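The residues making up each chain are set out below.
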Amino acid sequence: MIEAVNLTKSFKSGVAVDHINFYIEPGEIVGMLGPNGAGKSTTIAMLSTLIPPTEGDVLLHQKSVLKDQNLLRKVLGVVPQEIALYGDLTAKENLFFFGNLYKIPKKQLNERVEIVLEQIGLENETKKLVKHYSGGMKRRLNIGVALLHEPQYLIMDEPTVGIDPQSRNHILETVKKLNEQSNTAIIYTSHYMEEVEYLCNRIYIMDQGRIIASGSKDEIKAILSSENTVVVKVNNNSNAFMNELFNQPILTNIKADEDKINFTIAKGVNFLPNLLSLCERHNVLLKSFQMEEPTLEDVFLHLTGRALRN
Amino acid sequence: MMDILKTKFILLKREPVSFIVITVIICLFAYILGLGQQSKLPIAVYSSLDEKLTETLLLELKKMPDVDYTLYDEEEALKLVEEGDVELAVHLQSNRFDLITSPNFLNAPLFQSEISTIYREVMQNETILNTYPVEQQGNVQSILEDANNNPSFIVEYANFSNDGDFIYDAKLHSLFGFTLFMVIYTIANGVNHIVMERRNYIWSRLIVSSIGKTQIYTANLIYSFLLGYLQVILVLSIFHFGVGVDFYGGFLKTLIAIIPYLLCIVALAIFVASIVNTPGKFNAIIAVIAVPFAMLGGAYWPIDIVTSKIILALSYISPITYGMEILNGVTIYSGSIAELAQPLGILLFMSVVLMGIGINVLEKKGQS
């Protein structure tokens, strides 16, 4: 098990990570959610021994890794957010290069390279220089490099940023398979809710350097168990209409995106008649009214007052 | 470590353009500014002597170094002096010679003395030969030549190489100057890998692998050094073996003596890498410091001809100053490595200080 105990990182500009406690057990996928600047990458940098914490400790099986970083490095793979590959090398050359750095014996490395290429679906693209790969292929190879030494723990920092939906699905499936087949524990950071919802057993939500909520998906959603999310679509939306909507005391977390309006409302409250009369008064046409279970996005909005991707 | 080095050289093989371009630029500039220049002083000669004696005298005169004697007719020779194309003309006559000089030519007494010696020897031989019958002149001529080649006394002239006399060899100067200047860019290209790898997180990937930081730094520094050294060996070899530039017997010593300079440039580039965050800024700063260093260090013109005390004082901060001193020392002045301990020591000191600061700052930045 990897544990972060009171992990803190302060820079001249302020505190980036503020006394967080965190753990991941073998075989589980843990999601780390938070907007840009929440402190996710700094936390990951500390967990992967790239930067030392200002305060606190990182433990592997109850042993501090701050003094003996190799203890953790041997069992940890890191997939950085950036494409950390040599563009002028082929996929195979990149894999052999990074594999050699982990001192994997030659024969074993040959086998591992073939297995990893198959895992990431690049077995037929090995001779092309990486600089000629598509964004999705680069991302897949970026993951593959971290798998060469068969790590027990894998940290993936936003591994699907900026790629097409097809490659994204491929990556999500690879992560899922990796966890199921090799029992690799994965820390998955993202600000894509649906990815975290799909992959992760447990979730940590970070904001402004702190963990503001943690638990299983259901536990997190239960934060909003007494409320429903309502999605309303209207035509001829007006400022006056929105102002009146904002003044409704029973509505919370109101968010408007052109003709689409989201808000949360206590379970059991029937707001539809009020909404209809409001629309009539302001000449607004109600196109649809839909009640939904709260999503992680709603929880985040509820906890921080801000949307994740703001 | 070897894996990193091997990979760097594969990357160089795939993208060799900048290495090749810089090598070509050094060769081109060194050739144009050094070998392309007229390094011998042209002197016009016209003669009232017979053809044979004129030829004998001209042959002897041409043995003078750094001077190029060419035979013209009287009118042509005088015109050349008049128009400033040559600064000196020599009129050879049976018992004397006349020097015709341009108004600004100050070395006439020197030439007067040199030509007198040659003239006297040739005329003396000619007089001796003429005292013998024609049929014996061949034998006498060979006796005289033998006496010349095996004199009873050997007189040697020597001076101290460190007595402050400035010797200028345009070919070597431009070759050394441009090599030392341009190799800064080649080494910087190697060190720029560190900046790029830190920026695109390859560096982080290396750090979290099983390889130690010391090995990562060492591999990168060795690569940058070898890149520069390879270029220097290539350029100097082309000029020594290909073009035939005279290294005064110090070619191998040059290749050894340049090592501290290259180490210093690697350290300088590491220092620059530590204070910038992007490859673009790194290249900009290297460009900004390399040119003044070349000017102050005497890469473009000999620092010995500079009289400004400020420029001379500033020249001490340029590694090129010491590089030029060392390379001139082991070639033109035939100095030993031990005699050049001071500039070598200064370069090594600069290397240690710049490398120490650079790596420390890089590490501190990596942790913030």
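Residues numbered from 1 in each chain as written. Chains lettered and ligands numbered in written order. Predicted model: local features only at pLDDT ≥ 70, side-chain atom pairs only at ≥ 80, totals over all residues. Heavy atoms only, no water.

1. Observations concerning the overall build of chain A
Step number 1: Summing up its helical and strand segments, chain A has eleven helices and 14 strands in all.
Step number 2: Dimensions of chain A, computed from the C-alpha atoms along their principal axes, are close to 75 × 45 × 35 Å.
Step number 3: Within the span of chain A, comprising 310 residues, buried residues form 51% of the whole.
Step number 4: The contacts of chain A with a sequence gap of at least 6 include a subset with a gap of at least 24, amounting to 69%.
Step number 5: Split by element, the accessible area of chain A, about 14,200 Å² in all, is 47% carbon and sulfur.
Step number 6: Between the mean site of the 33 positive side-chain charges and the mean site of the 37 negative ones, chain A shows a separation of 6 Å. (Helix = DSSP H or I, 4+ residues; strand = E, 2+ residues; numbered from the N terminus. Buried < 20%, exposed > 50% of the residue type's maximum accessible area, 1.4 Å probe, protein only. Contact = heavy atoms within 4.5 Å. Areas by Shrake-Rupley, 256 points an atom, 1.4 Å probe, with all protein chains shown as cover. Lys, Arg positive; Asp, Glu negative; His and termini not counted. Charge placed at Lys NZ, Arg CZ, Asp CG, Glu CD.)

2. Thoughts on the confidence of the model for chain B
Do not read the predicted coordinates in detail wherever pLDDT is low.
Step number 1: When pLDDT is averaged along chain B, the result is 85; 94% of the residues meet or exceed 70.
Step number 2: Averaged pLDDT values over the elements of chain B bottom out at 81 in helix H6 (residues 137-149) of chain B and peak at 94 in helix H11 (residues 259-275) of chain B. (pLDDT = per-residue confidence, 0-100.)

3. Topic: the interface of chain B and chain A
Step number 1: Each partner contributes to the interface: chain B provides 23 residues, whereas chain A provides 31 residues.
Step number 2: Between chain B and chain A, roughly 2,400 Å² of surface is buried when both sides are summed, and carbon and sulfur atoms account for 62% of that area.
Step number 3: Linking Glu93(A) and Arg14(B) is a salt bridge whose minimum nitrogen-to-oxygen distance equals 2.7 Å.
Step number 4: Put simply, chain B and chain A have eight residue pairs in polar contact (both at pLDDT 80 or more) between them.
Step number 5: Elements represented by at least two residues in the side of chain B that touches chain A include exactly helix H1 (2-14) and helix H8 (202-207) of chain B. (Buried area = accessible area lost by both parts, 1.4 Å probe. Salt bridge = Lys/Arg side-chain N within 4 Å of Asp/Glu carboxyl O. Polar contact = N/O pair within 3.5 Å; in protein donor to acceptor, adjacent residues only side chain to side chain.)

4. Focus on the packing of helix H3 (residues 91-101) of chain A against helix H4 (residues 106-119) of chain A
Packed helix pairs are specified by the crossing angle of their axes together with the interaxial distance, meaning the distance between the axes.
All names here are of chain A.
Step number 1: Contact geometry of H3 with H4 gives a least axis separation of 10 Å together with a crossing angle of 130°. Viewed along their axes, H3 and H4 adopt a mutual orientation that is oblique. Here H3 runs over H4; the crossing is right-handed. Of H4, the residues touching H3 (which contributes Ala91, Lys92, Leu95, Phe96, Gly99 and Asn100) are Leu109, Asn110, Val113, Glu114, Val116 and Leu117.
Step number 2: When the residues that make up the contact of H3 with H4 are grouped by side-chain class, the tally is seven nonpolar, three polar and two charged. (Axes fitted to C-alpha atoms, helices over the stretch in contact; angles between N-to-C directions. Parallel < 35°, antiparallel > 145°, perpendicular 65-115°, else oblique. Left-handed = near helix turned anticlockwise from the far one by under 90°. Nonpolar A, V, L, I, M, F, W, Y, C, P; charged D, E, K, R; others polar.)

5. Points about the packing of aromatic side chains
Step number 1: Per the counting criterion, the structure on display carries 15 aromatic pairs over all chains.
Step number 2: Ring centres 6.3 Å apart and planes at 20° place the aromatic pair Tyr86(A) and Phe98(A) in the stacked group. Of this pair, Tyr86(A) sits in the loop between strand E6 (76-79) and H3 while Phe98(A) sits in helix H3, placing them twelve residues apart in sequence.
Step number 3: Judged by relative accessible area, which is 7%, Tyr86(A) ranks as buried.
Step number 4: Classification of Phe98(A) by relative accessible area gives buried; the value is 2%.
Step number 5: Taken together, a centroid distance of 5.7 Å and an interplanar angle of 85° make the contact between Phe263(A) and Phe271(A) edge-to-face.
Step number 6: Members of the aromatic cluster, joined through ring pairs, are Phe29(B), Phe178(B), Phe181(B) and Tyr185(B).
Step number 7: When the ring centre of Tyr198(A) is taken as reference, the NZ or CZ atom of Lys176(A) above it lies at 4.8 Å.
Step number 8: Above the face of the Tyr23(A) ring, Arg202(A) is positioned so that its terminal group lies 3.9 Å from the ring centre. (Phe/Tyr/Trp six-rings, centres within 6.5 Å; stacked < 30°, edge-to-face > 60°. Lys NZ or Arg CZ within 6 Å of the ring centre and 35° of its normal.)

6. Topic: the domain arrangement of chain A
Step number 1: Taken domain by domain, chain A holds domain 1 (2-220) and domain 2 (226-293).
Step number 2: A C-alpha centroid distance of 40 Å is found between domain 1 of chain A and domain 2 of chain A. (Domains from an automatic or database assignment.)

7. Side note on the pattern of salt bridges
Pairing is possible between side chains of opposite charge, provided their charged atoms come close.
Residues and elements named next belong to chain A.
Step number 1: Counted according to the given criterion, the structure contains 15 salt bridges over all chains.
Step number 2: In this structure, glutamate 28 engages arginine 202 in a salt bridge whose closest nitrogen and oxygen atoms are separated by 2.8 Å. With glutamate 28 in the loop between strand E2 (14-24) and strand E3 (29-33) and arginine 202 in strand E9 (residues 202-207), this pair connects stretches of sequence that are 174 residues apart.
Step number 3: Judged by relative accessible area, which is 12%, glutamate 28 ranks as buried.
Step number 4: Exposure remark for arginine 202: the relative accessible area of 12% places this residue in the buried category.

8. Notes on the packing of H3(A) against helix H5 (residues 135-147) of chain A
Residues and elements named next belong to chain A.
Step number 1: Where H3 meets H5, the axes come as close as 9 Å, and the angle between the chain directions of the two elements is 30°. By the criterion of interaxial angle, the relationship of H3 to H5 is roughly parallel. Note that H3 runs across H5; the crossing there is right-handed. Note on element contacts: H5 touches H3 through Leu141, Gly144 and Val145, opposite Ala91, Asn94, Leu95 and Phe98.
Step number 2: Among the residues making up the contact of H3 with H5, the classes are represented as five nonpolar, two polar and no charged.

9. Considerations on helix H9 (residues 239-246) of chain A
All names here are of chain A.
Step number 1: Buried within H9 we find Phe241, Met242 and Leu245. The arc enclosing the buried residues of H9, seen along the axis, measures out at 95°, which places them on a common side.
Step number 2: Elements that come into contact with the buried residues of H9 comprise strand E12 (251-257), strand E13 (260-266) and helix H10 (272-281). (Arc of directions from axis to C-beta.)

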